[in-house]
Amino acid sequence: MTDLDRRADRELVPSGWDYAPAPESREVVRLEPRYGHWIGGEWVEATEVYETVSPASEEPLAEVGLGTAADVESAVAAARAAFDGEWSRLPGSERAKYLFRIARILQERSRELAVLESLDGGKPIKESRDVDLPLAAAHFFYYAGWADKLEYAFPNRRPRPVGVAGQIIPWNFPLLMLAWKVAPALACGNTVVLKPAETTPLTALLFCDVLRQAELPAGVVNIVTGDGATGAALIDAGVDKIAFTGSTEVGKAIQRRLAGTGTKLTLELGGKAANVVFDDAPLDQAVEGIVNGIYFNQGHVCCAGSRLFVQESVYEDVLRKLKRRMGTLRVGDPLDKNTDVGAINSRAQLEKIEELVASGRDEGAEIYQAPCRLPERGYWFAPTVFTNVAQSYRIAQEEIFGPVLSVLTFRTPEEAIEKANNTPYGLSAGVWTEKGSRILWMAQRLRAGVIWANTYNRFDPASPFGGYRESGFGREGGRHGLEPYLDLGGAE
Ligand code: NDP
């Protein structure tokens, strides 16, 4: 019997411990009052600006450029000039040196970048420090290794860069998504115009200083901040490749827009992943995986395990353990090193979560929320579980992109597969069981691009990531992640 089991009957309290505040210092970050766009290796004054705020306090942080179509055009022109100039002709080993340099600088400045990421986006410092930053640096290290080995990655082909890549990223992992996109593009010899999400531009802007330090040639990476209209202008700017991560709706609009233009396209869109727990699974570990699957990064994760399927025979046990574990989650100041669940990224996202949660109640699901005190200012949502959920409910069908879990049950593996695949998405899934053969049986039948076994939300630059159906197409990470940035020519 585990210690948690022995304490099973005790009353639920938010935490058995009083944690003294352990705030990470903001002093390591120096914010400019106003930022322009990074074009052609220098700052270009923005003609229009907006304010980016801290979602944990609603405090304005800085004014940021609202990129116009003209800004996007000059960024694409700078990228084109850099591509036609020296960059695309540099030997791979030379390009690799820049990528290694960027990776090392990200490591050296990781504390500054992690604090800024948490400040601007609301995610706990524990996560930006231990997940986002190490993985961002690891992506640059990993793709630096490929830069001079492209002929070996694609034998009997003639790998050539495609040209200028337009990259549009979301707000849930701002710097990490930048790394996923910029590192393979540069490794393959392309140049880049990147548009960060409206609510989280600051780490991308600090990354420009990393590029300056790394002495990356002017115009190889250009960053234009702004909103959806800025992103739309980049789609129309005549680049050679578009890489987009974000909502399925915008992804579909981009696909329609680019149809017939010959522009290469990869889309990494939404998800509604099934996390399936069998009765032979190690339940305490599974509960950790469930919590990590849905409450990591406030559930702002495209591959979040937002639909939990529990085998009926262990349903009561799993739910009891889950609720007990939820009682120990600390929700609050993202810069506090004890915080497990930070702020919701924006007011708009909070309203979306609230609307979907209300629909869950209205449709008849039963709600449980972790006992926690939410700060008065800022955007917050308590970790939430819905039980008594029918597959047809919106909370079981739509991507909530918040800390909200829907729990369903199954009896047989066949039923688990049928229910897990009952979604228009196909990004990720999780399986918890002690039997290796069952893991393989499930993996062959689950319709998802990524499947985790007895773990969840594990990422590695060497491992390809991506989905199909409404979750998009194309892979990021691994050798597969090079392909979208290469013209492979014909076989020799
Ligand atoms: P979007 O898809 O709108 O945003 C993703 C990126 O695309 C942002 O940089 C955005 O800019 C930009 N963008 C918006 N409209 C266009 C356009 N017409 N053409 C080109 N680029 C555009 O996601 P939201 O931030 O609006 O979030 C909405 C929902 O999408 C969330 O609630 C969540 O469910 C889902 N989502 C899924 C993600 C995933 O990884 N699967 C990531 C983010 C969101 P801007 O930020 O300025 O609007």
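Residues numbered from 1 in each chain as written. Predicted model: local features only at pLDDT ≥ 70, side-chain atom pairs only at ≥ 80, totals over all residues. Heavy atoms only, no water.

Draft legend 1. Summary view of the overall build of the chain. Secondary structure summary: the chain contains 16 helices and 19 strands in total. Its C-alpha radius of gyration of 23 Å places the chain within 12% of the 23 Å reference for a compact globule of 492 residues. Overall, the chain is about 70 × 55 × 35 Å in size when its C-alpha atoms are taken along their principal axes. Split into buried and exposed, the 492 residues of the chain put 58% on the buried side. Partitioning the intrachain contacts of the chain with sequence separation of at least 6 by distance along the chain shows that 75% fall at a separation of at least 24. Carbon and sulfur atoms make up 48% of the accessible area of the chain, which amounts to about 19,900 Å² in all. Computing the positive centroid from 54 side-chain charges and the negative centroid from 66, the chain places the two 4 Å apart. (Helix = DSSP H or I, 4+ residues; strand = E, 2+ residues; numbered from the N terminus. Rg over C-alpha atoms; globule rule 2.2 N^0.38 Å. Buried < 20%, exposed > 50% of the residue type's maximum accessible area, 1.4 Å probe, protein only. Contact = heavy atoms within 4.5 Å. Areas by Shrake-Rupley, 256 points an atom, 1.4 Å probe, with all protein chains shown as cover. Lys, Arg positive; Asp, Glu negative; His and termini not counted. Charge placed at Lys NZ, Arg CZ, Asp CG, Glu CD.)

Draft legend 2. Examining unusual backbone geometry more closely. One non-glycine residue with positive phi stands out, namely N388, at about 60°. Along the chain, the position of N388 falls in the loop between β14 (384-387) and α14 (394-397). In this structure, N454 is a non-glycine residue whose phi angle is positive, near 55°. Note that N454 resides in the loop between β17 (450-453) and β18 (472-473).

Draft legend 3. The arrangement of the packing of helix α11 (residues 283-295) against helix α12 (residues 315-326) in detail. α12 packs onto α11 with a crossing angle of 55° between their chain directions and a minimal axis gap of 10 Å. Between α11 and α12, the angle is such that the two are oblique. Considering how the two elements wind past one another, α11 and α12 form a crossing that is right-handed. Where α11 approaches α12, its residues L283, D284, V287, E288, I290, V291 and Y295 are matched on the opposing element by D317, V318, K321, L322, R325 and M326. For the contact of α11 with α12, the residue count by class is eight nonpolar, no polar and five charged. (Axes fitted to C-alpha atoms, helices over the stretch in contact; angles between N-to-C directions. Parallel < 35°, antiparallel > 145°, perpendicular 65-115°, else oblique. Left-handed = near helix turned anticlockwise from the far one by under 90°. Nonpolar A, V, L, I, M, F, W, Y, C, P; charged D, E, K, R; others polar.)

Draft legend 4. Highlighting the packing of aromatic side chains. All told, the structure shown has 15 aromatic pairs when counted by the stated rule. Measuring from centroid to centroid gives 4.7 Å for W452 and Y456, while their planes differ by 50°, and the two rings are tilted. Ring centres of W452 and F459 lie 5.9 Å apart, and the angle between their planes is 85°; this geometry places the pair in the edge-to-face category. Using a relative accessible area of 23% as the deciding quantity, one classes F459 as partly exposed. An aromatic cluster is present here, built from W180, W452, Y456, F459 and F465 joined pairwise through their rings. (Phe/Tyr/Trp six-rings, centres within 6.5 Å; stacked < 30°, edge-to-face > 60°.)

Draft legend 5. Summary view of the site of the ligand. Near the ligand, the surroundings consist of 28 residues, among which W171, D227, S247, Q349 and K352 are the closest. Within the contact set of the ligand, an oxygen atom lies 2.6 Å away from a side-chain nitrogen or oxygen of W171. Across the shell around the ligand, the residue classes break down as 14 nonpolar, nine polar and five charged. (Near = heavy atom within 4 Å. Polar contact = N/O pair within 3.5 Å; in protein donor to acceptor, adjacent residues only side chain to side chain.)

Draft legend 6. Focus on the layout of surface pockets. Space inside the largest pocket adds up to approximately 1,000 Å³. In this structure, the largest pocket is lined by 44 residues; those nearest its centre are P170, W171, A197, S247 and V250. Elements with a contribution of two residues or more to the lining of the largest pocket: β3 (49-53), α9 (228-235), β9 (241-245), α10 (248-258) and α13 (347-363). Among the elements that take part in the lining of the largest pocket, α10 stands out by supplying five residues, more than any other. Here the lining of the largest pocket is built from residues that sort into 19 nonpolar, 13 polar and 12 charged. (1 Å grid on protein atoms, 1.4 Å probe; cavity = no way out; pocket = protein on both sides within 12 Å on 5 of 7 lines; lining within 4 Å. Points joined across faces, edges and corners; volume = space filled by probe spheres on them.)

Draft legend 7. Molecular detail of the sheet that holds strand β11 (residues 274-277). Read from one edge of the open sheet, seven strands run β13-β14-β15-β12-β11-β16-β17, paired in mixed fashion. The open sheet has two free edges, formed respectively by β13 (366-369) and β17, since each of these has just one partner strand. Here the average twist between neighbouring strands, direction ignored, is 20°. Both strand β16 (residues 428-432) and β17 contribute to a ladder of four bridges, which runs parallel. Directly across from V431, in β17, lies its bridge partner A453. (Pairing = 2+ DSSP bridges.)

Draft legend 8. View of the pattern of salt bridges. A full pass over the atoms with the stated rule returns 27 salt bridges. The salt bridge involving R111 is made with E24; its shortest N-O contact spans 2.7 Å. Linking R111 in helix α4 (residues 110-121) with E24 in the loop between α1 (3-6) and β1 (37-39), this pair joins segments that are 87 residues apart in sequence. We classify E24 as buried; its relative accessible area is 9%. (Salt bridge = Lys/Arg side-chain N within 4 Å of Asp/Glu carboxyl O.)

Draft legend 9. Here's a closer look at the nonpolar core. Counting 115 residues, the largest nonpolar core has L106, F140 and F207 as the members making the most contacts within it. Excluding its chain neighbours within four sequence positions, the residues that come into contact with F140 are L99, I102, A103, L106, A179, V182, A183 and F207. Grouped together as the second largest cluster of nonpolar side chains are 29 residues, L350, F386, I395 and V431 included. (Core = buried A, V, L, I, M, F, W, Y, C linked by side-chain atoms within 4.5 Å.)

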